[in-house]
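Residue-level structure breakdown
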Amino acid sequence: MRFRAKIVDLACLNHFSRIINTIAKLAKTCILRLTVCKLYFILSDKIANGGASMWCELSQGNFFDEFQMEGVAAEHNEIYLELVPENLSRALKTAQSAKAVKIKLTNKHCPCLRVAVELPSLSSSSRIVTHDIPVGVIPRRMWNDFREPSVPDFDVSIYLPVLKTMKSVVERMKNLSNFIVIEANLSGEMNLKIETDLVSVTTHFKDLGNPPWASEDGCQSSAQGRDLESMAEACIDIRKLQQLLTGQQVNPTKALCNIVRKRMVHFILLHEEVSLQYFIPAIA
């Protein structure tokens, strides 16, 4: 099992760093799955236990100048590692003006991801700062626990409002309640609501637009022939939503939300070569 990679382009490095920061805000530990073409960051708290789950995938070719890996076996050419994303985020913070960053899987006393940051220096010799991030190697028999979460047929799919605006609304609401109801319809309308014994607050968004999910997508919603005005809603933990909005540094070109009535809210943030999915289960 071998893995080594190198980033030289500063813009790619900073973009990669921002994505890791986002993941660190969403997951205390996560699985890093390495394949020849892609990296995946996976958090699979069982939705049944009320945990959120995350699936983030990026094409390595858009970030790395060099990328070499040999998986567990020829027919299973993948590596699954468990790590604390905050550690990787901290290591990359030292790399904001780096000439290059090398990442390598090593095994001195325990398996580690070694992040070597080459910093510009005034003399001819370069300064290298090294971080060893402990990782756990996930055995082959457990890989199936980390497959992409399936998206059940959703009742409504809608584009999200400007995330900064949504964030400030949610932050204000969080002081009033632990739960938030998200509801939306197929006419581009979405409401964020909180209701307590003392107060009820609703923020309305309109003209958001609904994604044109084509039937060949396999994500065909059960929306055919439904009333376009009728709202589908789910009540979720407001802190999980705030975490997503506060930690978000992917700067998506598209952000959307699928609601499975009373079951879950599924967020998708897309930015060119990155997609981040986040599933928050509904509270009964």
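Residues numbered from 1 in each chain as written. Predicted model: local features only at pLDDT ≥ 70, side-chain atom pairs only at ≥ 80, totals over all residues. Heavy atoms only, no water.

Looking now at the packing of helix α1 (residues 10–26) against helix α4 (residues 238–247). Packing of α1 against α4 brings their axes to within 9 Å, and their N-to-C directions diverge by 165 degrees. Comparing the axis directions of α1 and α4 gives the class roughly antiparallel. Taken as a pair, α1 and α4 cross one another with a handedness that is right-handed. Contacts from Thr22, Lys25 and Leu26 in α1 reach Gln243, Leu244 and Gly247 in α4. Its residues assigned to classes, the contact of α1 with α4 comprises two nonpolar, three polar and one charged. (Axes fitted to C-alpha atoms, helices over the stretch in contact; angles between N-to-C directions. Helix = DSSP H or I, 4+ residues; strand = E, 2+ residues; numbered from the N terminus. Parallel < 35°, antiparallel > 145°, perpendicular 65-115°, else oblique. Left-handed = near helix turned anticlockwise from the far one by under 90°. Contact = heavy atoms within 4.5 Å. Nonpolar A, V, L, I, M, F, W, Y, C, P; charged D, E, K, R; others polar.)

Next up on the list: a positive patch on the surface. On the surface, a cluster of positive charge is made up of Arg4, Lys102, Lys104 and Lys108. For Lys102, the location among the structural elements is in strand β7 (residues 100–107). Take Lys102: its relative accessible area is 44%, and that puts it in the partly exposed class. (Patch = residues over 30% accessible without salt bridge, like charges linked within 9 Å, V, L, I, M, F, W, Y side chains within 5 Å. Areas by Shrake-Rupley, 256 points an atom, 1.4 Å probe, with all protein chains shown as cover. Salt bridge = Lys/Arg side-chain N within 4 Å of Asp/Glu carboxyl O. Lys, Arg positive; Asp, Glu negative; His and termini not counted. Charge placed at Lys NZ, Arg CZ, Asp CG, Glu CD. Buried < 20%, exposed > 50% of the residue type's maximum accessible area, 1.4 Å probe, protein only.)

Turning to the packing of aromatic side chains, a few remarks are in order. Tallied over the entire structure, the rule returns six aromatic pairs. Ring centres of Phe3 and Phe67 lie 5.4 Å apart, and the angle between their planes is 65 degrees; on these two criteria the pair is classed as edge-to-face. Taken together, the residues span a long stretch of sequence, with Phe3 in strand β1 (residues 2–7) and Phe67 in strand β5 (residues 66–70) at a distance of 64 residues. Comparing Phe3 with Phe67 shows no difference in burial state: the two are buried. Measuring from centroid to centroid gives 4.4 Å for Tyr80 and Trp143, while their planes differ by 25 degrees, and the two rings are stacked. (Phe/Tyr/Trp six-rings, centres within 6.5 Å; stacked < 30°, edge-to-face > 60°.)

Evaluated as defined, the whole model comprises zero disulfides. Cys37 takes part in no disulfide bond, and the closest cysteine sulfur to it belongs to Cys56, at a distance of 16 Å. Overall, the relative accessible area of 54% leaves Cys37 in the exposed class. (Disulfide = S-S within 2.5 Å.)

Turning our eyes to something else, we now look at the pairing of strand β12 (residues 179–184). Most of β12 is tucked away: five of the six residues are buried. Taken together, the four bridges between β12 and strand β13 (residues 190–195) define a ladder with antiparallel strand orientation. Its bridge partner lying in β13, Val181 is registered against Lys193. Connecting the antiparallel pair β12 and β13 is a turn made up of five residues, with Gly188 showing a positive phi of about 75 degrees. (Pairing = 2+ DSSP bridges.)

Another aspect to go through is the confidence of the model for the chain. Here the chain averages 89 in pLDDT, and 93% of its residues register 70 or above. Here residues 214–222 is a poorly scored stretch, pLDDT under 50, and it has nine contacts once near neighbours within four places are set aside; other chains count. (pLDDT = per-residue confidence, 0-100.)

Glancing now at the sheet that holds β7. On the basis of which strands lie adjacent, the open sheet formed by five strands has the order β5-β1-β7-β8-β9 and antiparallel pairing. If you trace the sheet from one side to the other, it starts and ends with β5 and β9 (127–134), each paired once. Across the sheet, the mean angle separating the axes of adjacent strands is 15 degrees when strand polarity is ignored. Relative to β5, β1 is paired through five bridges, and the arrangement is antiparallel. Note on β5: the bridge partner recorded for Ala5 is Phe67. Sheet strands in contact with helix α2 (residues 85–93) are β7, β8 (111–119) and β9, and its direction is about 175 degrees off that of β9.

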